[in-house]
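Coordinates in review
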Amino acid sequence: MGIEKQFTKYVSQNILGTIGVSCYIIADTFFISKAAGADGITVLNLALPIYNLIFAIGSMTGIGAATRFAILRAQGNEKAQGYFSNAVFWVCLISVPFILAGILAPERVMALMGADARIISLGRDYNRIFLLFTPFFMLNFVISAFVRNDGAPSLAMVATIAGSLFNIIFDYVFMFPMGLGLAGAAFATAASPVLSILICGTHFFSEKNTVQFLWRKPSARMWLHSCQLGIPAFIGEMSSGVTTTVFNFLILGLAGNTGVAAYGVIANYALVATAVFNGVSQGMQPLLSRSYGKGNKKELKKLLGMGITSGLVFAGIIYAVVYAFTDPLVSLFNSGDSVLLARYAFEGMRLYFIGFIFAGFNIIGAGYLSATAHPKSAFITSFIRGVAAIIACSVILSRLMGFTGVWISFAAAEGITAVITAFMLIKQRKKHNIRGRSMSVLRNI
């Protein structure tokens, strides 16, 4: 199979999987808006940063370890096999504080996110339940990443979509026929990664499986090596959490709970858009890591070109859809027909989504740098995008332009990051060319 067909297969299937994950969060938002109105959306939006942190740690560990596995296996290095069991151990260990927070202090977690007494009372059980299921959320990232890197992207896609469909169906069943309310939404969300893990896990019993679980002492050093290449995935997931947290606090001061609910509508659609670009980046990763391990520069160049082109095309389609259907997209989550919420969200959707024209390039560029073992460059671009630029732009522009400045800040931050990402990609390409010429000279001596 040619590299173009492999790219299409891996990327398309991974996009379907990542969109599936984001769709069950949208399903949560839709059903919660029907059950609890704007306050319910506020609960979910204040919980999103915690979701993002859990997903980010699982993604960093899983994708980073799987990338190391793919590169070392392509080089014939026996150390490749140690990364799977090591990743499983560390995500289980890291889950412990989240579980304790769910048992002992879900209210404090919500208060830290900016919830008032009314919102805490409504969302306490929701937060407790999803925190208790943290190990399954994290393990799902690890297992799906290794299955994808072991040549089974179709199974990883099926597992992710099955988990998402389960969540959507049982959101309704638990919340309405069974009358569990927000706790029912949390149960459905918490159970979906369990199903995904069970489906993905069948790969380890197949004849095609080459991943081994080794019973050996866990290594902090191996985990850190994994995290180096998983940092873009971490910051990619956390950028949504950082943006949501910063925007929530800024918007609370500018427009109160209704403003946060309006941003909750936008944030959920933004998750779908981000999922598309993450799907391209994560789908490319096994192919990039394999080509890098083999030293195939021609394939690397072709994969990067196809990735960036795909990102730009998807960005154009996403913005066109958002611009053409802003009203129905907003009204889908405005069950209380709030005029103020609709006005805030309408303006926000059209301004905020301009940023995805640059975001696709940034996510795919950082993913390329990580998959080809350039952790420093990947970290710089990811950190600027996910933390530094968005915080600086949102604070400055909100003071200069008020609520409108909050919406514009996402596009401004992504635009600044795009310049830096382009510089990093050009810099790494030049390094590769210099190294290639140097090796040619040495061979001729």
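Each remark here, short or long, concerns the structure printed above.
The structure reproduced in this document is the subject of the present report. If you're wondering where the values come from, they're calculated on a predicted model, not measured in any experiment.

Focus on the overall build of the protein
Within the protein, the secondary structure is distributed over 14 helices and zero strands. Counted from the first residue to the last, the protein has its helices and strands arranged as α-α-α-α-α-α-α-α-α-α-α-α-α-α. Referenced to the eigenvectors of the C-alpha coordinate spread, the extents of the protein come out at roughly 75 × 50 × 35 Å. Burial status across the protein gives 58% buried among its 445 residues. When contacts within the protein are restricted to residue pairs at least 6 apart in sequence, long-range pairs at least 24 apart make up 82% of them. Summing over all exposed atoms, the protein offers an accessible surface of approximately 18,200 Å²; the carbon and sulfur share of this is 68%. With 33 positive and 16 negative side-chain charges, the protein shows a separation of 17 Å between the mean positions of the two kinds.

Looking at the environment of I408
Within the secondary structure, I408 sits in helix α14 (residues 403-444). Measuring from C-alpha to C-alpha, the distance between I408 and C23 comes to 25 Å, with 385 residues separating the pair along the chain. If near-sequence neighbours (up to four positions away) are discounted, I408 is found in contact with L351, L397 and M401.

Some points on the environment of A74
Position of A74 relative to the elements: it lies in helix α1 (residues 3-74). Among the residues examined, A74 registers a relative accessible area of 27% and is labelled partly exposed. The sequence separation of A74 and G2 amounts to 72 residues, and the corresponding C-alpha distance is 18 Å. Every residue in contact with A74, bar those within four places of it in the chain, is listed here: R290, G293 and K294.

Digging into the nonpolar core
Core analysis: the biggest nonpolar cluster contains 113 residues, and Y126, Y352 and F353 have the highest contact counts within it. Once residues within four sequence positions are removed from consideration, Y352 is found in contact with T243, F247, Y263, I266, A270, W407 and F410. Counting 23 residues, the second largest nonpolar core, distinct from the first, contains V280, L288, A378 and M424.

Looking at the pattern of salt bridges
Going through the model one piece at a time under the given rule, you end up with six salt bridges. The residue K302 makes a salt bridge to E4 at a minimum N-O spacing of 3.0 Å. Of this pair, K302 sits in helix α9 (residues 297-324) while E4 sits in helix α1; the two residues are 298 residues apart in sequence, bridging distant segments of the chain. R73 is the partner of D150 in a salt bridge, and the nearest nitrogen-oxygen pair spans 2.7 Å. Here D150 is found in the loop between α5 (134-149) and α6 (153-175), whereas its partner R73 is found in helix α1, with 77 residues between them in sequence. Taking relative accessible area as the criterion, R73 reaches 34% and is therefore assigned partly exposed.

A few points about empty space enclosed by the protein
In total, this model carries four cavities of 30 Å³ or more according to the counting rule given. The volume enclosed by the largest cavity comes to roughly 540 Å³. Taken together, 35 residues form the lining of the largest cavity, with G17, T18, V21, F141 and E237 sitting closest to its centre. With 12 residues, α1 is the single largest residue contributor to the lining of the largest cavity. Class assignment for the residues of the lining of the largest cavity results in 15 nonpolar, 18 polar and two charged. One number sums up the size of the second largest cavity: a volume of about 280 Å³.

Looking at the layout of surface pockets
Considering only enclosed or pocket space, the second largest pocket measures out at about 280 Å³ in volume. Residue lining of the second largest pocket: 14 residues in total, with V272, A273, V276, I318 and V321 positioned closest to the centre. Counting only elements with at least two residues in the lining of the second largest pocket, the list comes to α1, α8 (220-294) and α9. At five residues, the largest contribution of residues to the lining of the second largest pocket is made by α9. Its residues placed into classes, the lining of the second largest pocket shows 14 nonpolar, no polar and no charged.

Some remarks on a nonpolar patch on the surface
Taken together, the side chains of F89, L93, V96, L100, I103, L104 and L132 make up a nonpolar region of the molecular surface, amounting to roughly 620 Å² of accessible area. For L104, the position within the fold is in helix α2 (residues 82-104). L104 sits in the exposed class, given a relative accessible area of 66%.

Digging into helix α12 (residues 356-371)
Counted at 1.5 Å a residue, the expected span for α12 with its 16 residues is 22 Å, and the 22 Å between its end C-alpha atoms agrees. Most of α12 is tucked away: 14 of the 16 residues are buried. Immediately downstream of α12, the backbone of A373 shows phi near 60°, a positive value.

Structural notes on the state of the cysteines
Considering all chains together, one arrives at zero disulfides under this definition. Free of any disulfide, C200 has its nearest cysteine sulfur in C92, 16 Å distant. Exposure remark for C200: the relative accessible area of 1% places this residue in the buried category.

Basis of the calculations
Residues numbered from 1 in each chain as written. Predicted model: local features only at pLDDT ≥ 70, side-chain atom pairs only at ≥ 80, totals over all residues. Heavy atoms only, no water. Helix = DSSP H or I, 4+ residues; strand = E, 2+ residues; numbered from the N terminus. Buried < 20%, exposed > 50% of the residue type's maximum accessible area, 1.4 Å probe, protein only. Contact = heavy atoms within 4.5 Å. Areas by Shrake-Rupley, 256 points an atom, 1.4 Å probe, with all protein chains shown as cover. Lys, Arg positive; Asp, Glu negative; His and termini not counted. Charge placed at Lys NZ, Arg CZ, Asp CG, Glu CD. Core = buried A, V, L, I, M, F, W, Y, C linked by side-chain atoms within 4.5 Å. Salt bridge = Lys/Arg side-chain N within 4 Å of Asp/Glu carboxyl O. 1 Å grid on protein atoms, 1.4 Å probe; cavity = no way out; pocket = protein on both sides within 12 Å on 5 of 7 lines; lining within 4 Å. Points joined across faces, edges and corners; volume = space filled by probe spheres on them. Nonpolar A, V, L, I, M, F, W, Y, C, P; charged D, E, K, R; others polar. Patch = residues over 30% accessible without salt bridge, like charges linked within 9 Å, V, L, I, M, F, W, Y side chains within 5 Å. Expected span 1.5 Å × (residues − 1). Disulfide = S-S within 2.5 Å.

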